[in-house]
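These are the residues of each chain, in order.
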Amino acid sequence: MFNQLSDKLEGVFKNLRGQGKLSERNIKDAMTEVRLALLEADVDYSVARDFISSVRDEAMGEKVLKSVTPGQQIVKIFRDKLAELLGGDQAPLELTPPARILMVGLNGAGKTTTSAKLALRLKKEGRRPLLVACDLFRPAAIDQLETLAREIDVPVFTPDRDEKNVIKVAKQALKWAETQNGTVMIFDTAGRQEIDDALIRELEDLQKFLQAKEVLLVADSATGQQAVNVAKRFDEAVGISGIVLTKLDGDARGGAALSMRSVTGKPIKFSGVGEKIADFEAFVPDRLADRMLG
Ligand code: GDP
């Protein structure tokens, strides 16, 4: 992930750094190259355009042009704006009691896996997570969550396999939770191949009942711009508090990560970086910006 983009950026900036004095022309040309590299990485068109114009405006300032190391200054401007684009500071989870996290997203995005990954992470932080299987649409999801929960030794609530009423399941789960001594509940919900009215209605009802302070959208970064559009639609429909971007370990070009915050206005809180339960990281914009610049 990001390798190709990183290589391209490195090339452009090496060239800028190598020149003693920079003209406006040099900067303009470099920024055109960077913009193309961003578009190739599948960054949203208007995000790339606005981002580049803000870097260019600052880079064209007297302070940079007259400095003895203009190339270096431009790299710094770029890096800081990149971290800002990725979301600035790392966004924490809202876990004041009753701490409830609703995991939503399309089928195959990684919801069930991510529910377990998040549970393990919270457990390692000293919290007592409880998992709840609320995906009644894909019956195998219940077994999958049960297996993962066993693997990480986290209590899990599973409904009857033929139960279809998600509110009923949520009610049973809250009752069950009273006996579990947990401190945070994670609800794995149903997805679809595409967002449809039935799914939205189900999630709205569930959220109305649970009033979860965290609604995390699990989005597959390998689907590029589609992931960003999906995030926007879920947010409009049910209101999300943050995003988990999965499959960042794959060879996706990375544009989704760069456009997500700017297009949705919601922070990326975590990233999935592999199939194993431990392959899960807090999303730290600063660190990622550094990594992308090599
Ligand atoms: P759900 O339908 O949204 O619940 O998706 P699942 O949790 O069943 O995940 C779908 C597939 O994606 C599974 O094969 C997971 O192992 C895989 N997966 C989930 N997250 C990641 C990730 O961060 N990296 C990789 N490589 N695979 C992932």
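Naming follows an unreviewed UniProt entry, where the protein chain appears as Signal recognition particle protein of Sulfuriroseicoccus oceanibius. Recorded under Sequence similarities (unreviewed entry), the UniProt text for the protein chain is reproduced unchanged: "Belongs to the GTP-binding SRP family. SRP54 subfamily." Its UniProt record gives the protein chain the following Subcellular location (unreviewed entry) comment, quoted word for word: "Cytoplasm".

Draft legend 1. Just the pattern of salt bridges, in detail. All chains considered together, the criterion is met by 19 salt bridges. When the shortest N-O distance is used, the salt bridge between Lys66 and Glu62 registers 3.0 Å. The burial state of Lys66 is the same as that of Glu62; both residues are exposed. With its nearest N and O atoms 3.0 Å apart, the salt bridge here joins Asp80 to Arg79. Salt bridges sharing common partners tie together Lys76, Arg79, Asp80, Asp286 and Asp290.

Draft legend 2. Focus on the site of the ligand. The immediate surroundings of the ligand are formed by 17 residues, with Gly108, Lys111, Thr112, Thr113 and Asp249 found nearest. At 3.4 Å from an oxygen atom of the ligand is found a main-chain nitrogen or oxygen belonging to Val273. Protein contact buries 81% of the 590 Å² of open area that the ligand shows by itself. Ranked by residue count, the leading element in the shell around the ligand is helix α6 (residues 111-124), at 4 residues. Residues that form the shell around the ligand fall into these classes: 3 nonpolar, 8 polar and 6 charged.

Draft legend 3. Expanded view of the environment of Ser115. Mapped onto the elements, Ser115 comes out in helix α6. The buried category is assigned to Ser115, whose relative accessible area is 0%. Not counting the four nearest positions on each side in its chain, Ser115 is found in contact with Met103, Leu131, Leu145, Ile186 and Asp188. For Ser115, the side chain forms a polar contact with the main-chain oxygen of Lys111, separated by 2.8 Å.

Draft legend 4. Structural detail: the nonpolar core. One finds Ile101, Leu118 and Phe234 to be the most contacted residues of the largest nonpolar core, which totals 110 residues. Per-element tally for this core: the top contributor is helix α5 (residues 70-86), with 8 residues. Discounting residues that sit within four places of it in the chain, Ile101 has contacts with Leu93, Leu95, Leu118, Leu122, Val184, Met185, Ile186, Phe187, Glu214 and Leu216.

Draft legend 5. Just the UniProt feature "domain: SRP54-type proteins GTP-binding" (unreviewed entry) in the protein chain, in detail. Here, UniProt's "domain: SRP54-type proteins GTP-binding" (unreviewed entry) annotation points to residues 98-294. Within the segment residues 98-294, helix and strand shares are 44% and 20% respectively, and the terminal C-alpha atoms sit 41 Å apart.

Draft legend 6. The arrangement of the packing of helix α1 (residues 3-18) against helix α2 (residues 24-40) in detail. At their nearest, the axes of α1 and α2 sit 9 Å apart, and the two run at 175 degrees to each other. Of the possible angle classes, the one that applies to α1 and α2 is roughly antiparallel. Along its contact with α1, which presents Leu5, Lys8, Leu9, Val12, Phe13 and Leu16, the element α2 presents Asn26, Ala30, Glu33, Val34, Ala37, Leu38 and Glu40. Looking at the contact of α1 with α2 residue by residue, the classes come out as 9 nonpolar, 1 polar and 3 charged.

Draft legend 7. Molecular detail of helix α3 (residues 45-59). In this model, α3 (15 residues) spans 21 Å end to end at C-alpha, consistent with the 21 Å of a helix rising 1.5 Å per residue. Within the sequence span of α3, burial applies to Val47, Ala48, Phe51, Ile52, Val55 and Ala59. With its buried residues spanning 120 degrees around the axis, α3 presents them on a single face. Where the residues of α3 are buried, they touch α2, α4 (62-65), α5 and α11 (255-264).

About the cut-offs
Residues numbered from 1 in each chain as written. Predicted model: local features only at pLDDT ≥ 70, side-chain atom pairs only at ≥ 80, totals over all residues. Heavy atoms only, no water. UniProt positions renumbered as here; feature names shortened; annotations may be inferred. Salt bridge = Lys/Arg side-chain N within 4 Å of Asp/Glu carboxyl O. Buried < 20%, exposed > 50% of the residue type's maximum accessible area, 1.4 Å probe, protein only. Near = heavy atom within 4 Å. Polar contact = N/O pair within 3.5 Å; in protein donor to acceptor, adjacent residues only side chain to side chain. Areas by Shrake-Rupley, 256 points an atom, 1.4 Å probe, with all protein chains shown as cover. Helix = DSSP H or I, 4+ residues; strand = E, 2+ residues; numbered from the N terminus. Nonpolar A, V, L, I, M, F, W, Y, C, P; charged D, E, K, R; others polar. Contact = heavy atoms within 4.5 Å. Core = buried A, V, L, I, M, F, W, Y, C linked by side-chain atoms within 4.5 Å. Axes fitted to C-alpha atoms, helices over the stretch in contact; angles between N-to-C directions. Parallel < 35°, antiparallel > 145°, perpendicular 65-115°, else oblique. Expected span 1.5 Å × (residues − 1). Arc of directions from axis to C-beta.

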